[in-house]
Every structure is written in C-alpha cells, then in structure tokens.
Amino acid sequence: MEDYSQDDWGNHSQDLHGYPTDQELDEMPVSKRTLKIKQESPEEAQKRDTMQNIVQILESVQLKWELFQSWTDFSRLHLSNKLAIFGIGYNTRWKEDIRYHYAEISSQVPLGKRLREYFNSEKPEGRIIMTRVQKMNWKNVYYKFLEITISEARCLELHMEIDWIPIAHSKPTGGNVVQYLLPGGIPKSPGLYAIGYEECVERPLTPDVERQALDPGKEGRVGLETLSAQASLHVEVEPTRIIYCYLGIAEVRTLQQCLFLHFQANTKTFSKEWVGINGFLSQNCIVDPGISPKSIYIKFVEVERDFLSAGSLVECLEKAIGYPLKFNN
C-alpha cells in the first residue's frame, strides 16, 4: 500500500487512500500542491480505482465494522489461514462515522497475517495507523472482512486484473453469416472465463439544440438540413464499455475447449429456440448487409481444477461488477 505519513501533509484530515480534500489543497503551500500533482501517476490512479472497487464489494455485502482491541484479535483460529477481502477503517473524535483507510483482497497471504501487518507499529502499514491514533487524527481503528475461496479470489482477479481480448470475425459468407475467429494461446487447462460485448451509449441532444428545434426564434427558421447537422454535432458518444454477460467454469473441459464450443457453434443450424450464451453468440453472427455484428470480448484465468467447485462464483462476480450476468440465470 502506498500512503502518505502525517509529516508529509501536516495536521490535515484525509479522505480515501490518504488524499487531501479540495479545501485542504487550497490551504497547502504551492510547493506541496505541486509535489502532490507530480506524484500522481496512472499506476497510482489504477490502484485507487481498484481499492474503490473492493470497497464497493465490501459495502454491497453489508458487513459490520469490528473495533480493533488487541493483537489476539488476529491470532484467532478462524482468521489464521483464511483468504478474504478486508477493509481498515477509522473515525475521529469529531465524527463518529467510520471511513475507509484501506481495502484489499488478501488472495496470496492469509488474512490474519495481513491484518497483523496493519496493526503492527514495526511495519510501514502499522506505523501509519499508530501515528494517526497517537496524534489524535483518528479516534478508533476498525476492520471488516469477507472470507473468500481460492476460486473466488481468482474470479476477482479475472475482473480487476485481466484485460479483455477482442474476438475478430470473418467477412460475411453465404450471404449474411460471419464466423468468429478465436485468438491463439487459449490455455488447455481448467479455469474461469468471461464473455462480454461492447456497449456504445449516445447521450441525448443538449438542451440548447432541443430548444432551437422547438423555437428557432425571430432570427429565422432553421432548415431541417442545418438543424440535423447541428444536432449531429451535439450527440456525444460515451466511451465504449464492455458489459459482462457470462461467466464460465472450465472444470470438466479445458478453457480452450469451452470457448471453442461457444464460438464455433454451427450457425447453419441456428434456431430461435436457442437460449443462453450460445444462442446470443450465434444470433450475433447473422447480420444484415452493411451492418457489423456486436463486438465480442473474452478474458480468462487458469485455476486448479480442485478449487473450481468451491464458492459462489457467479454471485461473486455480480457483486464486483454491480449488475446481473444476463446468461448465467
């Protein structure tokens, strides 16, 4: 974890991940503001986004904060060898509401060991917490955690750390049918995989354009062609985002075999009776002239077969992304 000690910022209250508020930035000397701006990097921004995603997961399952009281809290048997998502929180003498200081998926190191590091003053993480309590920046320190299985940890890794791979498609054959072209390098091993599609959202016209269309005013009526041209300039296309629609578990078959079965279904025998992910992918191959199919993406992560049957993987991913998977239900 990267954070800033009290000496870096003086006696300022800090928000999520130790970043000062806008008001605090205004009160800081210019030299410190400049230093802070220079220290911002894409990597740090990504870490903050990841942490906010983890906080969202913890909040979605409505866990209660537990007050840190003694070191024996983390030597209890049920914490000693568990993997978990955990959060560290604090409040102040002035505000009882508990705020997040840090959140993490402890997928490699047992939860008990990670928590002890955050409450051990000899460790960098623990030193920050101890200093803020000693200087009365914070009143109490809290923690919360959600135990997860190895397969759920890999599922969250799939979501937060693995990039989407676009699936190419051939030119239409036989009139209006395209074929998917799977990439090479898909592992011949068990694991988890996700299928998604690209969604492009257009914003509505701005109010100015709408008012102009309804009441052009005394300056003269606007021709339909002119209005259409102006309207097209005001339609803003949102950055494309990829929507998860299916999570697959390659347990009996390999990742390569599972994805091949999804994407190489014979579109000649396609029936509207088909449902689920295969029906969606097959229907997407049948296109009207001049219209491209939806852009489809995949991502995958290898997981040992013995671990795949544990946990609630679909629910885990749905909590992480914040919406249901269309073809898993």
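This text goes with the structure placed above it.
Basis of the calculations
- Residues numbered from 1 in each chain as written.
- Predicted model: local features only at pLDDT ≥ 70, side-chain atom pairs only at ≥ 80, totals over all residues.
- Heavy atoms only, no water.
- Pairing = 2+ DSSP bridges.
- Helix = DSSP H or I, 4+ residues; strand = E, 2+ residues; numbered from the N terminus.
- Contact = heavy atoms within 4.5 Å.
- Axes fitted to C-alpha atoms, helices over the stretch in contact; angles between N-to-C directions.
- Parallel < 35°, antiparallel > 145°, perpendicular 65-115°, else oblique.
- Left-handed = near helix turned anticlockwise from the far one by under 90°.
- Nonpolar A, V, L, I, M, F, W, Y, C, P; charged D, E, K, R; others polar.

Asker: Can you walk me through the sheet that holds strand S1 (residues 66-67) in this structure?
Answerer: Across a sheet, paired strands are connected by hydrogen bonds in the backbone, their directions being either parallel or antiparallel. Spatially, the four strands line up as an open sheet ordered S1-S4-S2-S3, and their pairing is antiparallel. Of all strands in the sheet, those bounded by a partner on one side alone are S1 and strand S3 (99-106). As paired elements, strand S2 (residues 83-90) and strand S4 (residues 141-148) share eight bridges and run antiparallel to each other. Residue Tyr 90 lies in a different strand from S4, and its bridge partner there is Val 141. On the sheet, helix H6 (residues 111-118) packs against S2, S3 and S4 and is oriented at approximately 20° with respect to S2. Helix-sheet contacts for helix H7 (residues 124-134) involve S2, S3 and S4, and the interaxial angle to S3 is about 165°.

Asker: Explain the packing of helix H4 (residues 42-60) against helix H8 (residues 150-161) to me, please; I cannot follow it from the model alone.
Answerer: Packed helices, taken two at a time, are described by the angle between their axes plus the distance between the axes. For the pair H4 and H8, interaxial distance at closest approach is 11 Å and the crossing angle is 135°. As judged from the angle between their axes, H4 and H8 are oblique. Where H4 crosses over H8, the two elements pack in a sense that is right-handed. Side by side, H4 and H8 meet where Thr 50, Asn 53, Ile 54 and Ile 57 of the first sit next to Leu 156, His 159 and Met 160 of the second. Looking at the contact of H4 with H8 residue by residue, the classes come out as four nonpolar, three polar and no charged.

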